[in-house]
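Here's the letter readout for the chains.
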Amino acid sequence: MNENAKLTISLNPDVLAELEWLVETHQTHGAPTQVGSVEELITHVVSSIADGSRRPGSWERSMLDMMGLISNSPWLEYYRSKYGKPEGAEEV
């Protein structure tokens, strides 16, 4: 996979306006995690989701749990060092 893979998404205009405002507050008031654009914000959020998927004890996992994004797959019950479908996952 390309290190700079592209994904096109569509957002509700109201959601986009809120994200733009959130980024603006980061730029004017600071935040522990600085983002300079909506794209950077979305990249940070989806990276956190991917990390939570493969790291059961992480703060990111708790975010996924609260959002209802963790399935009952046994593959999500243990730490995985690599992203993507685990080797042998098709056997379950």
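A brief look at the structure comes next. (Residues numbered from 1 in each chain as written. Predicted model: local features only at pLDDT ≥ 70, side-chain atom pairs only at ≥ 80, totals over all residues. Heavy atoms only, no water.)

## Things to note about the packing of helix 1 (residues 13–29) against helix 2 (residues 38–54)
The N-to-C vectors of helix 1 and helix 2 enclose an angle of 95°; their axes lie 9 Å apart at closest approach. As summarised for this structure, helix 1 and helix 2 are arranged roughly perpendicular, according to the angle between their axes. From helix 1, Leu 16, Leu 19, Glu 20, Leu 22 and Val 23 reach across to helix 2, where they touch Val 38, Leu 41 and Ile 42. Of the residues in the contact of helix 1 with helix 2, the class split is seven nonpolar, no polar and one charged. (Axes fitted to C-alpha atoms, helices over the stretch in contact; angles between N-to-C directions. Helix = DSSP H or I, 4+ residues; strand = E, 2+ residues; numbered from the N terminus. Parallel < 35°, antiparallel > 145°, perpendicular 65-115°, else oblique. Contact = heavy atoms within 4.5 Å. Nonpolar A, V, L, I, M, F, W, Y, C, P; charged D, E, K, R; others polar.)

## Things to note about the nonpolar core
Note on soluble globular proteins: their nonpolar side chains tend to be buried together. Of all hydrophobic cores here, the largest spans five residues; its members are Leu 19, Val 23, Val 35, Val 38 and Leu 41. Elements that contribute at least two residues to this core include exactly helix 1 and helix 2. Apart from residues lying up to four places away in sequence, Val 23 is in contact with Val 35, Gly 36, Ser 37, Val 38 and Leu 41. (Core = buried A, V, L, I, M, F, W, Y, C linked by side-chain atoms within 4.5 Å. Buried < 20%, exposed > 50% of the residue type's maximum accessible area, 1.4 Å probe, protein only.)

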